[in-house]
Amino acid sequence: MGTTGTPTKITQGSQTKGGIGESTLRPDGTLKVTGEFAYSSDMWHEDMLWGQILRSTVAHAEIVSLDTAEALATSGVYAVLTYDDLPTDVKNYGLELQDTPVLAHGKVRHHGEPVALVAADHPETARRAAAKIKVEYRDLPVVTDEASALAPDAVLVHEGRDDEYARIVPHQNIVHRQPIVRGDAAAAAARADVIVTGEYTFGMQDQAFLGPESGLAVPAEDGGVDLYIATQWLHKDLDQIAPVLGLPKDKVRMTLSGVGGAFGGREDISMQIHACLLALRTGKPVKMVYNRFESFFGHVHRHPAKLFYEHGATKDGKLTHMKCRIVLDGGAYASASPAVVGNASSLSVGPYVVDDVDIEAIALYTNNPPCGAMRGFGAVQACFAYEAQMDKLAAKLGMDPVEFRQLNAMEQGTLLPTGQVVDSPAPVAEILRRVKARPLPPERQWESSEGADVRQLPGGLSNTTHGEGVVRGVGYAVGIKNVGFSEGFDDYSTARVRMEVVAGEPVVTVHTAMAEVGQGGVTVHAQIARTELGVTQVTIHPADTRVGSAGSTSASRQTYVTGGAVKNSCEAVREKVLELGRRKFGSYHPAWATAELLLEGGKVVTDGGEVLADLVDVLQDEAVDIELEWRHRPTEAFDLVTGQGNGHVQYSFAAHRAVVEVDTELGLVKVIELACAQDVGKALNPLSVVGQIQGGTTQGLGIAVMEEIVVDPRTAKVKNPSFTDYLIPTILDTPTIPVDVLELADDHAPYGLRGIGEAPTLSSTPAVLAAIRNATGLELNKTPVRPEHLTGT
Amino acid sequence: MDFLRPASWEEALAAKAEHPTAVPIAGGTDVMVEINFDHRRPEYLLDLNRIGELSQWEVGEDTVRLGASVPYSQIMEHLRAELPGLALASHTVASPQIRNRGGVGGNLGTASPAGDAHPALLAAGAEVEAESVRGSRRIPIDDFYTGVKRNALAPDELIRAVHIKKADGPQQYSKVGTRNAMVIAVCAFGIALHPETRTVRTGIGSAAPTPIRATAAEEFLAAALDEGGFWDSRKIITPSVAKQFADLAAGAANPIDDVRGTASYRRHAVGIMARRTLGWTWESYRGAGRGTEGVA
Amino acid sequence: MRVNFTVNGRPQEADDVWEGESLLYVLRERLGLPGSKNACEQGECGSCTVRLDGVPVCSCLVAAGQAEGREVVTVEGLADFAKQRAEHGGCATGACGTEGTSLQDARRWSARPQDSQTGEGGELAPVQQAFIDAGAVQCGFCTPGLLVAADEMLERNPSPTDADIREALSGNLCRCTGYEKILDAVRLAAARQAELAEGV
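Residues numbered from 1 in each chain as written. Chains lettered and ligands numbered in written order. Predicted model: local features only at pLDDT ≥ 70, side-chain atom pairs only at ≥ 80, totals over all residues. Heavy atoms only, no water.

**Focus on the overall build of chain B**
Looking only at helices and strands, one finds 12 helices and 13 strands in chain B. For chain B, whose C-alpha radius of gyration is 19 Å, the value lies close to the compact-globule estimate of 19 Å for 296 residues. Referenced to the eigenvectors of the C-alpha coordinate spread, the extents of chain B come out at roughly 60 × 45 × 35 Å. Counting every position in chain B, which comprises 296 residues, the buried fraction comes to 60%. Of the accessible surface of chain B, which amounts to about 10,700 Å², a share of 48% is contributed by carbon and sulfur atoms. The centroid of the 32 positive side-chain charges in chain B is displaced by 6 Å from the centroid of its 35 negative side-chain charges. (Helix = DSSP H or I, 4+ residues; strand = E, 2+ residues; numbered from the N terminus. Rg over C-alpha atoms; globule rule 2.2 N^0.38 Å. Buried < 20%, exposed > 50% of the residue type's maximum accessible area, 1.4 Å probe, protein only. Areas by Shrake-Rupley, 256 points an atom, 1.4 Å probe, with all protein chains shown as cover. Lys, Arg positive; Asp, Glu negative; His and termini not counted. Charge placed at Lys NZ, Arg CZ, Asp CG, Glu CD.)

**What about helix α1 (residues 9-18) of chain B?**
Residues and elements named next belong to chain B. For α1, the set of buried residues is Trp-9, Ala-12, Leu-13, Ala-15 and Lys-16. Buried residues of α1, viewed axially, fall in a sector of 160°; they line one side. Within α1, the exposed residues directed more than 90 degrees away from the buried face are Glu-10 and Glu-18. Here the buried face of α1 lies against β1 (2-4), β2 (23-25), β3 (44-47), β6 (126-132) and β10 (158-165). (Arc of directions from axis to C-beta. Contact = heavy atoms within 4.5 Å.)

**Quick notes on the packing of helix α2 (residues 78-88) of chain C against helix α5 (residues 143-156) of chain C**
Residue and element names in this part refer to chain C. Close contact between α2 and α5 brings their axes to 11 Å; oriented N to C, the two are set at 10°. Classified by the interaxial angle, the pair formed by α2 and α5 is roughly parallel. The residues of α5 that touch α2, namely those facing Leu-78, Phe-81, Ala-82 and Arg-85, are Leu-147, Val-148, Asp-151 and Glu-155. Of the residues that constitute the contact of α2 with α5, the class distribution is five nonpolar, no polar and three charged. (Axes fitted to C-alpha atoms, helices over the stretch in contact; angles between N-to-C directions. Parallel < 35°, antiparallel > 145°, perpendicular 65-115°, else oblique. Nonpolar A, V, L, I, M, F, W, Y, C, P; charged D, E, K, R; others polar.)

**Details of the interface of chain C and chain B**
Listed by partner, the interface residues are 36 residues for chain C and 30 residues for chain B. Counting the surface lost from both chain C and chain B, the interface buries some 2,500 Å², and carbon and sulfur atoms represent 56% of this. When the buried area of chain C at its contact with chain B is split by residue, C:Glu19, C:Leu61 and C:Gln66 rank highest and sum to 24% of it. Counting across the chain C and chain B interface gives two salt bridges. Two residues, C:Glu44 and B:Arg179, come together in a salt bridge whose shortest N-O distance is 3.8 Å. (Buried area = accessible area lost by both parts, 1.4 Å probe. Salt bridge = Lys/Arg side-chain N within 4 Å of Asp/Glu carboxyl O.)

**A closer look at the pattern of salt bridges**
All names here are of chain A. Scanning the model with the defined rule gives 89 salt bridges over all chains in all. Note that Lys-481 is salt-bridged to Glu-758, the shortest N-O span being 3.1 Å. Here Glu-758 lies in the loop between β32 (739-742) and α19 (759-776) and Lys-481 lies in strand β22 (residues 470-483), a separation of 277 residues in the sequence. A residue is classified by how much of its surface remains accessible, and Lys-481, at 1% relative accessible area, is buried.

**Quick notes on the UniProt feature "domain: FAD-binding PCMH-type" (unreviewed entry) in chain B**
This chain's UniProt record puts "domain: FAD-binding PCMH-type" (unreviewed entry) on residues 1-169 of chain B. Overall, residues 1-169 of chain B shows 32% helix and 26% strand. The separation of its end C-alpha atoms is 47 Å. (UniProt positions renumbered as here; feature names shortened; annotations may be inferred.)

**Digging into the packing of α5(C) against helix α7 (residues 180-199) of chain C**
All names here are of chain C. Contact geometry for α5 and α7: axes closest at 11 Å, N-to-C directions at 40°. Between α5 and α7, the interaxial angle falls into the category oblique. Handedness of the crossing formed by α5 with α7: right-handed. Within the contact between the two elements, α5 uses Leu-146, Ala-150, Met-153 and Leu-154 and α7 uses Ile-182, Val-186, Ala-189, Ala-190 and Gln-193. For the contact of α5 with α7, the class distribution of residues is eight nonpolar, one polar and no charged. (Left-handed = near helix turned anticlockwise from the far one by under 90°.)

**Concerning the interface of chain A and chain C**
Opposite the 82 residues of chain A that make contact, chain C presents 65 residues. In total, about 6,100 Å² of surface goes out of reach between chain A and chain C, with carbon and sulfur atoms giving 57% of it. Area buried by chain A at its contact with chain C is led by A:Leu25, A:Val33 and A:Ile731, which between them contribute 13% of it. Among the salt bridges present, the one from C:Arg28 reaches A:Asp42, with a minimum N-O distance of 2.9 Å. For the interface between chain A and chain C, the tally reads 28 residue pairs in polar contact (both at pLDDT 80 or more). By residue number, the principal contributor to the side of chain A that touches chain C is helix α18 (residues 686-705) of chain A, which donates eight residues. Looking at the side of chain A that touches chain C residue by residue, the class counts come to 38 nonpolar, 29 polar and 15 charged. (Polar contact = N/O pair within 3.5 Å; in protein donor to acceptor, adjacent residues only side chain to side chain.)

**Observations concerning the packing of aromatic side chains**
Taken as a whole and judged by the stated rule, the model has 22 aromatic pairs over all chains. Look at A:Tyr39 and C:Phe141: their rings are 4.9 Å apart centre to centre, the planes differ by 85°, and that puts the pair in the edge-to-face class. On the criterion of chain membership, the pair formed by A:Tyr39 in the loop between α2 (29-34) and β1 (49-55) and C:Phe141 in the loop between α4 (126-134) and α5 is interchain, its members lying in two chains. Given a relative accessible area of 1%, C:Phe141 falls into the buried group. (Phe/Tyr/Trp six-rings, centres within 6.5 Å; stacked < 30°, edge-to-face > 60°.)

**Considerations on the sheet that holds strand β13 (residues 199-205) of chain B**
All names here are of chain B. Reading across the sheet, the three strands line up as β11-β12-β13 and stay open at both edges, with antiparallel pairing between neighbours. This sheet does not close on itself; its edge strands, each paired only once, are β11 (171-176) and β13. Recorded for the sheet is a direction-independent mean angle of 10° between the axes of neighbouring strands. In the sheet, β11 pairs with strand β12 (residues 187-194) via six bridges, with the strands oriented antiparallel. By the bridge assignment, Lys-175 is partnered in β12 with Ala-188. Against the sheet, helix α12 (residues 263-286) engages β11, β12 and β13, with an angle of about 30° to β12. (Pairing = 2+ DSSP bridges.)

**Some thoughts on the domain arrangement of chain B**
Residue and element names in this part refer to chain B. Split by domain assignment, chain B resolves into domain 1 (2-45 + 53-165) and domain 2 (171-286). Between the C-alpha centres of domain 1 and domain 2 the distance comes to 24 Å. Taken residue by residue, the interface counts 27 residues in domain 1 and 26 residues in domain 2. Buried surface at the junction of domain 1 and domain 2, both sides included, amounts to about 1,800 Å², of which 62% is carbon and sulfur. Of all residues in domain 1, the largest losses of buried area upon contact with domain 2 belong to Pro-113, Pro-119 and Ala-123, amounting jointly to 28% of the total for that side. Counting across the domain 1 and domain 2 interface gives three salt bridges. (Domains from an automatic or database assignment.)

This is how it looks when you write it as C-alpha cells:
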C-alpha cells in the first residue's frame, strides 16, 4: 500500500504554515482552557435520567436470588434491569472473546461485576434504589493465582469454553498461550560463561485517566439510539453494542464526546450498553457517570505478571540464550489478554540480539479484576524483567551496564525470535549512548542557605529527612514496543477529506472516527491536511460512526494508521482537484499537463514554484469529498507452536536514565531526573511528541514507586479503589524529564514516522528500579517498590 | 437529609442538642468524601461555616486558642512561631486546596488515627474546648481519643476551639507517606521540647488504634537530659540516648498491616522519625539554627 | 433546598438541591457550568478546584448549602476575573455565560478551524494562553483545576521558583503530561506577567 512520503511532498509542509513538522497548537486548546470543551460527563439533556449500576460485592459467587421489587417501587425510579431484561439472545460482549456478560447471569466472577441497572430522576434516587435491590450470593472458591488456577481440580472460571483458544490451551483457566522457540537454548546455555536467573513480579496498574467513564444515551424516534461517549474505538464499541440491543448498526449512532484520557482503559466497553439499554427501556435520555470508586471496577487494568527469566552470556559479554516464562493474570474476563500474550511473548527478549530462545507466555483466567489494554501492553511487564536481567549479567561480568546493552543491541537487519527481520532503523545503542552522555544533575540540590528544602528530598512535604539517609543512584533501561495491531489483524483506518470554498477561502474538512483522547491526533490531522493540500483552514469534524472505522487509539498506532489514512485521502483529493484544474485551466498553461503539480498556500503551483491557479477558482462552488480506507503492510499470526511469523509491522525504541535519591532508612524515593532518548522516525508535531514521551515516562515512574491495585489474595476483592490509596505521581513526585528526540525515518511508514506513545512507558520503570538498586544494593524483583522492600520490614 | 445552617454558635449548640445525630460539617474534607462515595447518609448536616468565630484564633500568654475551623493554611502562615509543630503538621495535610478548608476541629471530630494534626497536638500539649447547651468543658488532649475513630465528645457536644500551649522550645513533625505530596500518613511522629518544664512530649499517628504519646520514650529522654545536664550544657545528645529514645518510641507503636503499610514498617519508621526529629529539635535548641528546621 | 450564591460575578439560584449535593454537582448539573471537573470527588485530584470567596478549594468537598451567599469563581470566569484583576489591580469577579453544554452544542462541536494561536484572541487569561502555548494541555481534564490553582498562585507569588510551582500545584493530578509542560506554562505565564508589569 505504498504511501511512502517523498521528499518533495515533505517540503510542501514548510511552505504552507501549520504543516507537519511544526509545533502547531491544539485546535481544541482554547475550548479546553476555558472549560467549554464538552467531555462525556458534561453532557446534559432536558428530561434526562441518571443510570446507576449495582455491582457485586463479592468476587466469585452464585447469585441465588435477585429481587428488584422494592427498588422499582421507589419514587423517581423509571427502570430496573437485570439479565432477564436483556432484549436479545446476545448477552455477552468482549474485545476478542465474547465472554463478558452485559449483566451477571446466575454467577459473578469478579468483585464489582455489574449485576443490575437503575434509571432514576436524580443520581441519589438511583443510588438509593440500587441499594434496595436484594441479591443473595452463595460464595464459590476464588481462583487468584497460577497455583489456584492451574491445579488439576481447579474451579473453572469459565465452564464450557468454545472460543478459538480453548482447544489449544493446556488448561481451561488459561485464556491463551504463546510459545516461541528458536535455535537451541539448551545447547547455547552450555556455551555461556555466566548464567543469571530471576523471578520478577509486576503489580496491577490502573490507567487512572482523570475523566471517569461516562456518557449519554438518547433514544431516537426511529427506535434507535444516539450515544455520546468517551471511548478509544467507536466502531469496535458499535460492533459490541448493537447486537445486545437487537438493533442494526445504523440505528446506533455514536459520537465521540470529550475524552478525559484513556491509556488503554477505554478500549473495552464500560457503561455504553447499560446506558443504551436504560434509554431504550425508559424512552428517555440516560446519563451515566462513574465516580472514582466505580471507575476502578469499571475498566480493565494492566495485567499483573510473574516473569521467570534465564539469560546466559559469554565472558566477553555476548548474550548466548534466553529462556523465559511469563504468567499474566487476565482476571475474570479475556478482554485483550490474547493480544497481550502475543506481545509479551514476542517482545520478551527485548531490543537485543539473542539467537537461541525458549519462550512461553500465558494469560490466566482468575477471579481477580479483569485486565486488558494499558499503554505498553505486555511489553511493559517483559521490559521490567529483561532489563533487570541485563543489569545482573553486566554486574556478574564486571561490565558497564550500558556498554553491555550496547554490545548486544538490536539494529536494523536483526532477526527477532519470531524470525522476523527488523526492517527499519533500530538505534538501540545510540539512544543508550545519548542518555548516558547527558551531564548528571548536580548533587544535593535540596541544600539552600535557609536549610534543607524538603520539597526536593525523598518524602517531600512530609518532612521526613533533611538529608539523613539519602543516597543517590543512577540506572539505565531500554525497551522495544510494537506499533499498530499485530498478528494478522486487519489494521486499517478510514478518512474522509473534503475540500471546498467557504467565504472565499479554500477550506478542508477532515472526518475520521479516530478517538482524540488527549494525544493530539486532531492537531496532526490538520497538519497533514495543510501539508498535502496547501490550505490553512482545516476543520476537524467530530468523530462518529457516520464515517468508517479508524481502529483504536492504542498501540501507538493512530498517527501512523489514521494519519496515514488522512494523508492517503488528501492525496486522492489533491488528484481530483488537479483534475478539475486541468479541465478548467489546462488549456491556458502547458505546465498543467507536463509539470509535477503541488498545492501550496491555497494555490496550484508547479514544482518550480510557478502559480497556475487559485484553489478558489479551481473549485468554485464544487466540493471534492473523498472517503478512503488505508492499511499498513499486512502482518501474520504467530505459529501456535513455534511462535514464528512476521507478526509486527513496526517497532518503537526508547531509553531512559533515571537518577534517584533514596532515603535508605525510611525506604522513600525521590526521582531527581528521568532523561529519555527516543527515535520517533519523524516528529509530525515536536511539541506533542515531547509531551507524549514525558507523560509516558511518568506513568512508568508511577508503577516503579507507588502505583498498584491491591487485591486481597483470600477474597479477590480490591482493597484500594480510590485516589486516597491508589496513588499516582503528583508534580512533586515527577522529576525533570529531558527528552532527546531522534528522527530516523521508517521508509515503510507515512512521512517515515514511528508510533511513539508507549515506548517511554516501558523503559522508565526498569530505569527507576535500576537506579534504586544502584543506590541501595538491594535486588528488588518486584514493582512497585514499597518502603517495606527498601527497609527489610 | 436536612441541612442545618446555624448563624451563631448558640444556634449550633441548640441544633446539636435537638438533633444529636447531626453531623457537623466545616471544611467538608472528611464528611463530603463519605457522602460522595455513598458511605454515609446522615439525617442532618450541621454546617458550621457561617459561625465566623470558629475561623479565628487568639494568641494568649501561654496558649493559643485556635478556633475549630481555622484552616491549616492559616496555621501554616500565621502561627509558625507559636505552634511550630502544628504548623509543620498542617503543611503535610493533603493538598493546598484541602489545607484551605480543613481545620483541627475536623481532625479531632473524625479522630482518625491518621489525622495529621494529632501528633502535633499531643506533643505540644492541648485541651479541646467542647461545648453543648449543658455547658462548656476542656478535655485534655491525652484523654480525647477513646478508640478507633472515637473521641470523648458527648453526642450533643461540638468542638469550639483547641487551646494549645505556645511553644517554649523547638518542635518538629514528620510523616511517612508513599508519595511526596497529597498523601495520607502511613505513620507520623511529633515532638516538642519543653525547656521550661524540662520535659519532652511526643505524638504518634497512624501506628496504633488512636493517636498516642510515646510516654516511656518521653520519660526516658527527660531523665537522660536531666541527669546528663543537657538542658544547661546544650551538648550534643549522645547517639545511644537518641537510639534508646527511638527504640522506645517504636516500641510505643501498636500498628496494624493495611494497604498503606505493614505493621513492622510502621514501627521501624516511627523509630527513625523519632531519632531524626529529636536530632532536629535538639540542634535547634542548641542554637545551631540554620539547616535544622527544614524549609518549604 | 434552595441555594443562592454568586458565580463568576453573577447571582445564581439553584432549586430543589438535595442536601448531600456538592458545590461541584450544583455548578455542573444545575447551573450549566461543567468546566469544573469531576475526576475523583474525594479531594484527591484538584480537577474541581474553584475559588470560594477568593480561596482555591475542591468544590467536590463543599456542600452546596455551604456556598450560600458566597462568591465562586470557576474556570469559565477565569478570563474575566484575570482581566478585571489586571485592570483594577485587585480581586475581581468575572461574568460568564450561564448556558451549559447542551446536547445541541455538543452535536455542533467541532474543532475551530484555526489552531489556538499564540497571543491571539485576547479573551483568555494569561495563564490560559500559556497552557495552550506551552503544550500543557493534552486530554485537558485536569486543566480547569490547574488553571484556577495556578492563576491564584501567580496572584500571590508573581515570580515563583520551580519548587514553589510544584508545591502550589501538588494538589492537582495530571495523568497525561508528566507535568513538565505544565511547569513550562506557569513559568511562561509568570514571565509574560512580569513583562506586562514592566511595560506599565
